[in-house]
Amino acid sequence: MNCGCDALKTPLLAFDDALAKLLATATAVTEQQTIKVQDALGRVLAADVVSNFNIPPYPNSAMDGYAFNHQDLSDFNQLEVVTTSLAGHPSEQALSAGQCARIMTGAMMPQGADTVIMQEQINRDGEYISLQTQVKAGANVRKPGEDIATGNIVLPKGHVVQARDIGLLCAIGVAQVNVLRQLKVALISTGDELVEPGNALDEGQIFDSNRQLVMAMLAPLGVAIRDFGIIADQRKAITTAITQATEWADVLITSGGVSVGDADYVKEILSELGDINFWKLAIKPGKPFAFGQVGQCAFLGLPGNPVSAAITFDQLGIPFIKQRQGHPLNQEIAIKATALVDFKKRPGRTEFQRGIATQTADGQWQVDTAGKQGSGILSALGRANCHVILAAESEGVLATQQVEIIHYKYL
């Protein structure tokens, strides 16, 4: 096993290199499950979904009005209303020459009819109508398969199911879909100072927020989560928890214990049980971020500081998780914004500062600081809506200059 003993002597890994290493190892799960459509939100399709039906399945009216045969307009000044077609209750009467049907939106076209005129465009006198305007043949009629034809691929393999897709699948009568199985993610927080929210704090203790934040960020991705809770800074307890977690999970996410403190055991234990791919990045906040493997389980070691944990998981952890799930690789694209204040930094590390982005009346983006940028200042993270990205070699950006930002999606 690689102990990582030379980690302190090696240079910090650049952010782009760290992300590339993460994604290079992020092999998607291949096992499949068949699940109900209503449970498929956020899941990745393991096979194409092909329609077995035409949508719409029959010719129907696009509006309330009157259905008739367009050729009759050459021979008749008035059309006789002889039947009604309602949605779910089609007319069983076929139309003869000179006849029409009262029809409602979505109702099946009666036999013998090929055109619908809006009810606002006719005059009705008893059981007869006359048209107030000309109408083209086939007007206001939805044809079978006009939207989706039988045999069409409705959603392709690899597609991530969205809310709108649920409606589409139900519309073609699909009750179950084949998806890649859920990625299994285990969570551990370490630290004698940590207490679960809702409990009393003793002197020197704080509430654990990192684990709950990561779970909330994972929620839209639909992973299976097992929470191992807070583990005290004891080697045996941490070893047991990590062993149990890595035996179950595809990915283990730890918070804290990857720094260089006397009681920061997590990285040391992980390096004994598995392999450390990298540790310590040239980013701010989030320098003590670890990545490696224990058996078949990958691990992401997040820093203990809340803002550091949030930003490293957003920028490194989320892309890794999504690729492991089989999501198409689609990195968030940075956009240009005008700095409203000076964003200061020292050269050496890529910085993800907390910003508040707004748009001007002409649609241009501008960004202000969300406040103090310390790795423990959660209030600034709460006020922010974007990352302000400052390159490693940058000495900062002055007000009125252009800067790159990425809007928060999972934070």
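My aim in this report is to walk through the structure given alongside it, one point at a time.

Core analysis: the largest hydrophobic core is formed by 43 residues, its most contacted members being Ile253 and Phe313. Among the elements of the structure, α1 (15–25), β13 (184–190), α3 (210–218), β17 (251–255), β21 (297–302) and α6 (306–325) are those that each provide at least two residues to this core. In terms of residue count, the dominant contributor to this core is α6 (eight residues). Core analysis: the second largest hydrophobic core is formed by 19 residues, Ile242, Trp248, Leu270 and Trp279 among them.

Under the definition given, this model contains eight salt bridges. Between Arg211 and Glu196 there is a salt bridge, and its shortest N-O distance comes to 2.6 Å. With Arg211 in helix α3 and Glu196 in the loop between β14 (194–195) and β15 (206–207), the pair connects residues that are 15 residues apart, well separated along the chain. Since its relative accessible area comes to 3%, Arg211 is described here as buried.

So, on to the side chain of Thr83. Topologically, Thr83 is positioned in strand β5 (residues 79–85). Within the local environment of Thr83, its side chain forms a polar contact with the side chain of Ser91, the two groups lying 2.7 Å apart. Setting aside anything within four residues of it in sequence, one finds Thr83 in contact with Ser91, Gln93, Leu95, Cys100, Ala101 and Arg102.

Let us look at helix α4 (residues 235–248). Residue pairs spaced three or four apart in an α-helix point in one direction, given the helix's 3.6 residues per turn. In a regular helix each residue adds 1.5 Å, so 14 residues correspond to 20 Å; α4 covers 20 Å between its end C-alpha atoms and thus fits that length. Among the residues making up α4, those that are buried are Ile238, Ala241, Ile242, Ala245, Thr246 and Trp248. For α4, the buried positions fall inside an angular range of 155° around the axis, keeping them on one side. Along α4, exposed side chains directed more than 90 degrees from the buried face belong to Lys236 and Glu247. The elements touched by buried residues of α4 are β13, β16 (224–231), β17, α5 (266–273), β20 (290–294) and β21.

Looking now at the packing of α3 against α6. For the pair α3 and α6, the least separation of the axes is 10 Å and the interaxial angle reads 30°. Relative to α6, α3 is oriented roughly parallel. Of the two elements, α3 crosses α6, and the hand of that crossing is right-handed. In this structure, α3 contributes Asn210, Leu213, Val214, Met217 and Leu218 to the contact, and α6 contributes Pro306, Ala309, Ala310, Phe313, Asp314, Ile318 and Ile321. A class-by-class count of the residues in the contact of α3 with α6 yields 10 nonpolar, one polar and one charged.

Here we take up the pairing of strand β4 (residues 65–68). Where β4 lies against strand β6 (residues 99–103), four bridges are found, and the strand directions are antiparallel. Following the sheet pairing, Tyr66 is matched in β6 by Arg102. The pairing of β4 with strand β7 (residues 115–118) spans four bridges and is classified as antiparallel. Across the sheet, residue Phe68 finds its bridge partner in β7, namely Thr115.

Calculation rules
- Residues numbered from 1 in each chain as written.
- Predicted model: local features only at pLDDT ≥ 70, side-chain atom pairs only at ≥ 80, totals over all residues.
- Heavy atoms only, no water.
- Core = buried A, V, L, I, M, F, W, Y, C linked by side-chain atoms within 4.5 Å.
- Buried < 20%, exposed > 50% of the residue type's maximum accessible area, 1.4 Å probe, protein only.
- Helix = DSSP H or I, 4+ residues; strand = E, 2+ residues; numbered from the N terminus.
- Salt bridge = Lys/Arg side-chain N within 4 Å of Asp/Glu carboxyl O.
- Polar contact = N/O pair within 3.5 Å; in protein donor to acceptor, adjacent residues only side chain to side chain.
- Contact = heavy atoms within 4.5 Å.
- Expected span 1.5 Å × (residues − 1).
- Arc of directions from axis to C-beta.
- Axes fitted to C-alpha atoms, helices over the stretch in contact; angles between N-to-C directions.
- Parallel < 35°, antiparallel > 145°, perpendicular 65-115°, else oblique.
- Left-handed = near helix turned anticlockwise from the far one by under 90°.
- Nonpolar A, V, L, I, M, F, W, Y, C, P; charged D, E, K, R; others polar.
- Pairing = 2+ DSSP bridges.

These figures capture arrangement, not role.
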